[in-house]
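Coordinates in review
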Amino acid sequence: MSLFRLNPVILLAGLAAGAASALQPGTYTAEVNGHNAPLTVKVTVDANRITSIDTSKNLETIGVGKVALDKVGRKILKYQSINVDSVTGASFSSAALKEGVKQCLIKAGADMKQFEKKAEFHPIHDRTYEADVVIVGGGGAGLASAISSMQAGAKKVIVLEKLGYLGGSTNVSGAALNAVDDKRQKAQGIQDSFETFYQSTMKGGHNVGNPELVRYMTRHSIDAVHWMESLGVKFKDHIGAATGSLGQRSHYPVDPSGNAYIRVFEKVIADSNGKIQVLLDTPAKSLIQDKSGRVIGVVADNFGSKVTVKAKDGVILATGGFGANVAFRQKANTGVWKHVRLDDTIGCTNIQKAAQGDGLFMAQKAGAELIGLSDIQLHPCGTPGTGLMENIRTSGRNRIFVNSDGQRFVSEGAARDVLANAIFHQKGSTYWIVVNKLRYPSREFKDSMGATIHDMVALGAVVEAPTLDELAQKTGMKAADLKASIQQYNDAVTGKQKDRFGFIANNTDDKPMTEGPWYACKKVPTVHHTMGGIRIDVKSEALNAKGQPIPGLYAVGEVTGGIHGANRLGGNAIADIMTFGHAVGPHIVQGK
């Protein structure tokens, strides 16, 4: 929600916090810098207190920044103070709202000492919980595992999440889920098979992935699709192709972004009658093992209080990768990208606090083997300065990649490592993605992430022009080169000429790009996925260096290694977390 009004309960809380100073009644507006774009904050006050906060004009990230605006706004109203806790994992959006409210209060003549009193306190209160299954990490992998465990018979599942909200980096993903789907694919004339999917995944991963894990994922990801549909997820009938998917099998939810999955999972949890309990702002610190080495629980922290959670059946680590841990990723970077410094000049697409590798270190201390840590993936869809995947996406078809002169330099259908490596060889290690009305039929058309050309142009993130000549002028490209690049691409799509870079129009969505308006968005490579992690088997059991299971310890999602080899295909991350998350429940609860 983006509009909050004071209700009687909150009014009493505000009175309990102390009478506010005299204000000039009215509605005041401030514009501050949000995480993604300028944020308009409207605050209405009466003579003594804040009565409503309106942030409806915002472009903050669904499931992340929007959650922060909601939570922080409600707390400001409740406590009549801007000195409330920020939402962990969305501190920028939290701070933006506080600043906007502050500016409005100053305009209303507030004594800011009254509205800046510390409002939240966290007295030390150590506590212990008991559960059948404990999940460390409340992202897509963790929530899928929690629901699967409940459905398998667990009477109590506890999810420990270090952030102030659920969903982790799944919230900011493009949501592509690869699966062989006879019904949807055949309706589009797409030819596919489990074997083709398997071979594409192995080849894309440089043939170093674990064949057993790859076969399981490619065969059972469609089962995960059907399971998610049974929970309430709605997928589009149209099958697309994520960037570097090496095939047209990417499923997308009807609602924008990976948060569409999280919202459904949250509803299942809310309807679980307490069988699934979530503890936010509670980062796990260590695993508990008995004398035999079996993992029997987790020690965590909640604002300084020790939280001990005992696990009867076991613990599932679902903490994600380490892409935002700059020091560790540089240390591990001895593989595909050893010729590139993965320092803080290169961003990361994931939630910074989430992608730190916490689960890896805990598992290693418990005896699990870590494999493939040098296999780090760069994605070509980074935003300059942040590395976040924003604005026009590279996923999908009908787009070209051109350098600063307007020249194509790579097959747009190549694997992600090929694309990123080609970008590093361009001036400034950057490029433009160019699309036209095929991708955005109108300025108000919402893409798969809910973004519109109208908003992206207003933010200065996208350059818009009616003709290629004008687009070249606005971006500094050479018009002749840009036109030649479009013609090269169109010739490949129509079959008129074989593409010099190897692009093949093998997707049912491929069409010639002929008419404006034209749009260009500057991009850079960014750290996206870490393929290495905890060694597992097909039951998601964590294994030691001898290939033996660590009793009571399981792992699901990006925290694991061996599934994606040296390079992950686009659309295989969500396939991974949902396939193994869906399957892990019977293994940990029933011992199957």
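Look a little higher up for the structure.
A short tour of the structure in this document, coming up.

Here's the deal with the packing of helix α7 (residues 194-204) against helix α8 (residues 211-231)
Across the interface, α7 lies against α8 with an axial gap of 9 Å and an inter-helix angle of 135 degrees. Of the possible angle classes, the one that applies to α7 and α8 is oblique. Here α7 and α8 pass one another in a crossing that is right-handed. Contacts between α7 and α8 pair Phe194, Glu195, Phe197, Tyr198, Thr201 and Met202 from the former with Pro211, Val214, Arg215, Met217, Thr218, Arg219, Ser221 and Ile222 from the latter. Residues of the contact of α7 with α8, tallied by class, amount to 8 nonpolar, 3 polar and 3 charged.

A closer look at the pattern of salt bridges
Overall, the coordinates contain 23 salt bridges when judged by the stated rule. For Glu229, the salt bridge goes to Arg184, with nearest N and O atoms at 2.7 Å. On the criterion of sequence distance, the pair formed by Glu229 in helix α8 and Arg184 in helix α6 (residues 182-187) is long-range, its members being 45 residues apart. A salt bridge links Arg443 to Glu464; its shortest N-O distance comes to 2.9 Å. One end of the pair, Arg443, is in the loop between β16 (431-436) and α13 (453-458); the other, Glu464, is in strand β17 (residues 463-465), and 21 residues separate them in sequence. Three or more residues are tied together by salt bridges with common partners; here these are Asp181, Arg184, Glu229 and Asp237.

Here's the deal with the pairing of strand β14 (residues 376-382)
Side-chain positions along a regular strand alternate between the two faces of the sheet. Most of β14 sits inside the fold, with 7 of its 7 residues counted as buried. Bridge count between β14 and strand β18 (residues 518-530): 5 bridges; the pairing is antiparallel. Counted as the bridge partner of Gly382 is Val524 from β18.

Remarks on the environment of Thr430
Within the secondary structure, Thr430 sits in the loop between α12 (416-424) and β16. What makes Thr430 buried here is its relative accessible area of 11%. The spacing of Thr430 and Ala575 is 145 residues in sequence and 29 Å in space, taken between C-alpha atoms.

Some thoughts on unusual backbone geometry
Of the consecutive residues Gly516 and Pro517, the connecting peptide bond is found in the cis state with omega at 5 degrees. Along the chain, Pro517 turns up in the loop between α15 (479-494) and β18. The backbone phi angle of Leu246 is positive, close to 55 degrees, even though this residue is not glycine. Its location among the elements puts Leu246 in the loop between α8 and β8 (250-251). A residue is classified by how much of its surface remains accessible, and Leu246, at 33% relative accessible area, is partly exposed. One non-glycine residue, Ser257, lies in positive phi territory at about 65 degrees. Positionally, Ser257 belongs in the loop between β8 and α9 (259-270). By relative accessible area, Ser257 is classed as buried at 4%.

Rules used in this analysis
Residues numbered from 1 in each chain as written. Predicted model: local features only at pLDDT ≥ 70, side-chain atom pairs only at ≥ 80, totals over all residues. Heavy atoms only, no water. Axes fitted to C-alpha atoms, helices over the stretch in contact; angles between N-to-C directions. Helix = DSSP H or I, 4+ residues; strand = E, 2+ residues; numbered from the N terminus. Parallel < 35°, antiparallel > 145°, perpendicular 65-115°, else oblique. Left-handed = near helix turned anticlockwise from the far one by under 90°. Contact = heavy atoms within 4.5 Å. Nonpolar A, V, L, I, M, F, W, Y, C, P; charged D, E, K, R; others polar. Salt bridge = Lys/Arg side-chain N within 4 Å of Asp/Glu carboxyl O. Buried < 20%, exposed > 50% of the residue type's maximum accessible area, 1.4 Å probe, protein only. Pairing = 2+ DSSP bridges.

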